[in-house]
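Observations on chain architecture
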Amino acid sequence: MCKKIYSICFLLLANLVAFPAMSQTNLNNIEKLKKDAPRVYIDCTDYYACDMDYIKTEITFVNYVWDRHEAQVHVLITTQPTGSGGKEYTLAFYGQKEFDGINNTLIHFSKKTDSEDKIREGLVKVLKMGLISYVAKTPIADRISISLLEKVKPTAVEDKWNFWVFSISLNGSLRGEKLWSSNSIYGSFSANRVTPELKIKTSLSASSYRDEFKIGDQTISSAFHSRSFFGLIVKSINEHWSAGGYCSAYSSTYDNMRASYKVAPAIEYNVFPYSESTRKQLRFQYKIGYVSAHYREETIYDKTSEQLFNESLSATLELKQKWGSISTSLEGANYLNDFNKNHLELYSELDLKLTKNISFNLWGIYERIHDRISLPKGGASYEEILLRRKQLESHYYYYVWAGFSYTFGSIYSNVVNPRFD
C-alpha cells in the first residue's frame, strides 16, 4: 500500500516538475518567434481610435517601435469626416527594409453614433488584416490562424432618410464667485446630405453670454449675443473640379452687426484627385459674393447699412506622409467697390520628423486686416475692451506656437501598463 502511495506521489511530483518545463519551452519558442516578428510603427493622430494600449493588447503578433526609421512596416492612419457625421479612416501600409515595396491601403468607416470602443474595435480589425501580408513572411506566421465568420452576399442599401443627417444640440453653463458670476447658453441645428456627387450642408446656431462683476457698491454687466445661418452646396464635376456656392445670415453684438446676408457662388480645383484627399490635397478656390449689411451702431465710415460685392481666392495644401504632415492655407479677399478694404490670412500647421529622434511642430495664423467695415463709430467701453465683447480696430492678428521634441532609448514599445494613467 505504501509503495502504491509512494509511486502515485512520485508521478504527481514528476508531472508538476515536467509541466512548467514544457510551458517554459513553449514560452521560449514564442519569444524566439516574436523577436523575428515585423517591427511596426503606428502613425496616427486620432487619439480615440488609435488607442495604442488597446492596439498592443489586441494585436500581439508584431513588435511596436516608436521610431519610424527602425520599423519594417509604417502604418499611416489619416481621417476625414463622412456625410453622416462619422469618419473615414484610411490605413496606408508602407513596407520598409525587408518589406520594401510591399504597400497596401485599406479603409474603415465609423458612424457618428459609434462608441469609442466600437470605433477602436473596428480599426483594430482592419489593422490586423493589413498586417497579415507582412506577418505571413516571418516565422511567427505558423502560429497565426485565419477564419471566416460567415459569407455574406452583397445587398443594396435602401436609405429611408435619403442620406440626410440631422443634429440638434443645446447646452448652457453657470459659473460664479462672491464678486463675479457668468452664464451662457448655446444651441444649434444642422441638416446635411453628402453623396459623392452632391454635398449639402446647412446649420443654424444662437449663443448668449453674460458676465457680472461687483466692485464695491457697483455692478458691471457685460453681454454678448449672436445668431447665424450657414448654407453650402457643392456639385462634383470630376476628380479635380467642383462648383457650388455659400449663403449665410449673421447677427452679432461683437461685430456691431444687426443683420448681414451673404450669397457667394464658388468654384474649386484640386491638383490631386479628390479620391486621394485623405493623403494629399492642393486646392484652389475662387468665390465672388453679394453682401447686405445692417449695423447696430453707425460705423466709422458713417454707415448704418450698405450693399457690397466681394471676392476671395484661396490656396490650401494638405499632405500626410511618413515624414510628417503639413496643412497650409493662404486666402486673400477684398471688396470690389474699394480694393483698399482687403484681408489676407495665412494659416499653417506642421508636424515634421527631422531625424530619427527629433520632431518639429509648428502651428500659426497671421492676418492682415483692412476690411473691418462694421466697427462702431462710438468705440467700446473699458468693460467691452477687457472682456472682448466688441470688435476693435486692428490691422493685424497673429498667433504662433512652435516646439521640438527629442526621443531616445529602447525602440520597442510592446508593453502595456495602464496603472496610474
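Our subject in this report is the structure included herewith. (Residues numbered from 1 in each chain as written. Predicted model: local features only at pLDDT ≥ 70, side-chain atom pairs only at ≥ 80, totals over all residues. Heavy atoms only, no water.)

1. Description of the overall build of the chain
- When helices and strands are tallied, the chain shows four helices and 17 strands.
- Of the contacts formed within the chain by residues at least 6 apart in sequence, a portion of 57% connects residues at least 24 apart. (Helix = DSSP H or I, 4+ residues; strand = E, 2+ residues; numbered from the N terminus. Contact = heavy atoms within 4.5 Å.)

2. Quick notes on the sheet that holds strand β5 (residues 104-110)
- Read from one edge of the open sheet, five strands run β2-β1-β3-β4-β5, paired in mixed fashion. Of all the strands in the sheet, just β2 (63-64) and β5 have a single pairing partner and so form its edges.
- Where strand β1 (residues 39-44) lies against strand β3 (residues 73-81), five bridges are found, and the strand directions are parallel. Considered in β3, the bridge of C44 is made with I77. (Pairing = 2+ DSSP bridges.)

3. Some points on the pattern of salt bridges
- What the rule picks out here adds up to six salt bridges.
- When the shortest N-O distance is used, the salt bridge between K353 and D43 registers 3.9 Å. Placement of the pair is K353 in strand β15 (residues 338-353) and D43 in strand β1, with a sequence separation of 310 residues. There is no split in this pair, since K353 and D43 are both buried. (Salt bridge = Lys/Arg side-chain N within 4 Å of Asp/Glu carboxyl O. Buried < 20%, exposed > 50% of the residue type's maximum accessible area, 1.4 Å probe, protein only.)

4. Section: the nonpolar core
- The biggest cluster of nonpolar side chains holds 27 residues, and the ones touching the most others in it are I59, V75, L127 and L131.
- By residue number, the principal contributor to this core is helix α3 (residues 116-135), which donates eight residues.
- Apart from the residues lying within four places of it in its own chain, the contact partners of I59 are Y64, V124, L127, K128 and L131.
- In this structure, A293, Y295, L308 and Y335 belong to the second largest nonpolar core, which totals seven residues. (Core = buried A, V, L, I, M, F, W, Y, C linked by side-chain atoms within 4.5 Å.)

5. Remarks on the pairing of strand β12 (residues 280-295)
- Pairing of strand β11 (residues 257-270) with β12 involves 11 bridges; the strand directions are antiparallel. Looking at β12, one finds that S260 is bridged to A293.
- Across 15 bridges, β12 lies against strand β13 (residues 305-321) in antiparallel orientation. Residue pairing across strands places F284 opposite A315, the latter belonging to β13.

6. Quick notes on the sheet that holds strand β9 (residues 218-236)
- If you walk across this open sheet you meet the 12 strands as β6-β7-β8-β9-β10-β11-β12-β13-β14-β15-β16-β17, and the pairing is antiparallel. At either end of the open sheet lies a strand with only one pairing partner, and these are β6 (164-176) and β17 (396-406). Across the sheet, the mean angle from the axis of one strand to that of its neighbour is 10°, orientation sign disregarded.
- Note: β9 against strand β10 (residues 241-252), 11 bridges, orientation antiparallel. By the bridge assignment, I233 is partnered in β10 with G245. (Axes fitted to C-alpha atoms, helices over the stretch in contact; angles between N-to-C directions.)

7. Side note on the environment of E212
- Looking at the element boundaries, E212 is found in strand β8 (residues 198-215).
- As for E212 and N183, which are separated by 29 residues in sequence, their C-alpha atoms are 9.2 Å apart.
- Ignoring any residue separated from it by four or fewer positions in sequence, one finds E212 in contact with L179, W180, S181, T219, I220 and S221.

8. What to know about α3
- Helix length check: α3, at 20 residues, gives a terminal C-alpha distance of 28 Å against a target of 28 Å (1.5 Å per residue), a fit within 8%.
- Listing the buried residues of α3 in full gives I119, G122, L123, V124, V126, L127, G130, L131, Y134 and V135.
- Where α3 is buried, its residues touch β1, α2 (52-58), β3, β4 (87-95) and β5. (Expected span 1.5 Å × (residues − 1).)

9. Here's the deal with a nonpolar patch on the surface
- A cluster of nonpolar residues, I237, W241, I267, Y286, I288, Y290, F309, L313, L336 and F339, forms a patch on the protein surface that exposes about 920 Å² of accessible area.
- Secondary structure elements with two or more residues in the nonpolar patch: β12 and β13.
- Broken down by element, the residue count for the nonpolar patch peaks at three residues, all from β12.
- Note that F339 resides in strand β15. (Patch = residues over 30% accessible without salt bridge, like charges linked within 9 Å, V, L, I, M, F, W, Y side chains within 5 Å. Areas by Shrake-Rupley, 256 points an atom, 1.4 Å probe, with all protein chains shown as cover.)

10. Some thoughts on the packing of aromatic side chains
- One pass over the full model with this rule turns up 13 aromatic pairs.
- Between Y290 and F309, the ring centres sit 5.4 Å apart and the planes meet at 55°, which makes this aromatic pair tilted. Of the two residues, Y290 is situated in strand β12 and F309 in strand β13; the sequence distance between them amounts to 19 residues.
- The partly exposed category is assigned to Y290, whose relative accessible area is 33%.
- Here the aromatic cluster, defined as three or more aromatic residues joined through ring pairs, consists of W161, W164, F166 and F189.
- Residue placement shows K287 over the ring face of Y246; its charged tip is 4.4 Å from the ring centre.
- One residue, K341, lies across the ring of Y301, its end atom 4.5 Å from the ring centre. (Phe/Tyr/Trp six-rings, centres within 6.5 Å; stacked < 30°, edge-to-face > 60°. Lys NZ or Arg CZ within 6 Å of the ring centre and 35° of its normal.)

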